[in-house]
Amino acid sequence: DPIHMGHLILAEHVRDSLGLSNIIFVPARIPPHVEAKALSPDEHRLAMVSVAMYVNPRFVCSDLELKRQGPSYTIETIKEFRRKYPHDDLHFIVGADSVREFPNWKDPEQIGGECRIVVGVRPGFEKIIFEELENSFSPEFVQSLKDNFVETPAVDISSTDIRQRIKEGKSIRHLVPVGVYDYIRTKNLYRE
């Protein structure tokens with residue numbers, strides 16, 4: 001919040017590397033690990049993700065989690081996609097920063113049982129990340145993560161930094177897609 005170029009670069013890199021047909025972006029209604037008041041309203045987050053999808057015909061936006069009540073647990077979303085697409089090979093793409101938080105997620109090993117978890121890792125960081133997870137999960141789960149990592153370009157952009165830059169009146173050009181940049185300006189988001 002907001003979606004940024006780092007998200008799009010990771011998604012396209014993984015899509016291309018694995019030959020995936022589409023990437024579905026799913027804005028969370030209430031991410032369990034994020035303070036709800038820190039989020040912009042659902043309609044703004046959905047609109048920004050939708051606008052960002054224009055850059056790539058293989059990117060799709062889903063409001064699945066926004067329609068569901070309560071916290072947005074990934075395992076529930078994956079199970080719903082499994083029901084919706086029973087014959088498809090589902091992948092859950094997660095950045096290394098998020099996979100480090102897996103010990104705090106609901107049923108992360110079950111997520112791996114429902115789909116292939118693909119971890120986007122910057123060059124040289126895979127060993128550090130997987131060593132951190134070895135104390136929290138079964139060897140089989142950690143091995144499946146190791147087997148499914150994709151080395152991604154090093155792009156150091158964060159939503160937190162973007163929001164801070166806006167508060168400070170600094171430019172966010174080229175950090176977010178043009179449509180997202182225009183949307184943020186038009187709706188005067190993240191100023192407070």
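About the criteria used
- Residues numbered from 1 in each chain as written.
- Predicted model: local features only at pLDDT ≥ 70, side-chain atom pairs only at ≥ 80, totals over all residues.
- Heavy atoms only, no water.
- Helix = DSSP H or I, 4+ residues; strand = E, 2+ residues; numbered from the N terminus.
- Polar contact = N/O pair within 3.5 Å; in protein donor to acceptor, adjacent residues only side chain to side chain.
- Contact = heavy atoms within 4.5 Å.
- Buried < 20%, exposed > 50% of the residue type's maximum accessible area, 1.4 Å probe, protein only.
- Arc of directions from axis to C-beta.

Asks: For the side chain of serine 159, give the residues involved together with the corresponding values.
Replies: By the element assignment, serine 159 lies in helix α9 (residues 159-167). For serine 159, the side chain forms a polar contact with the main-chain oxygen of proline 2, separated by 2.8 Å. Excluding residues within four positions of it along the chain, serine 159 makes contact with Asp1, Pro2, His4 and His7.

Asks: Before we move on, can you summarise helix α7 (residues 126-133) with the specific residues and values?
Replies: Inspection of α7 places Ile129, Phe130 and Leu133 among the buried residues, and these make up the whole buried set. Each buried residue of α7 lies within a common arc of 90° when the element is viewed along its axis, so the set occupies one face. Next to the buried residues of α7 lie α5 (96-99), β4 (116-121), α8 (139-147) and β5 (149-151).

Asks: Which residues make up unusual backbone geometry, and what values go with them?
Replies: Outside of glycine, negative phi angles account for most residues, and trans bonds account for most peptide bonds. The amide bond that connects aspartate 1 to the next residue, proline 2, takes the cis arrangement and shows omega of 10°. Along the polypeptide, proline 2 turns up in the segment before α1 (5-18). Of note, the phi angle at aspartate 107 is positive, near 50°, even though the residue is not glycine. Mapping aspartate 107 onto the fold places it in the loop between α5 and α6 (108-114).

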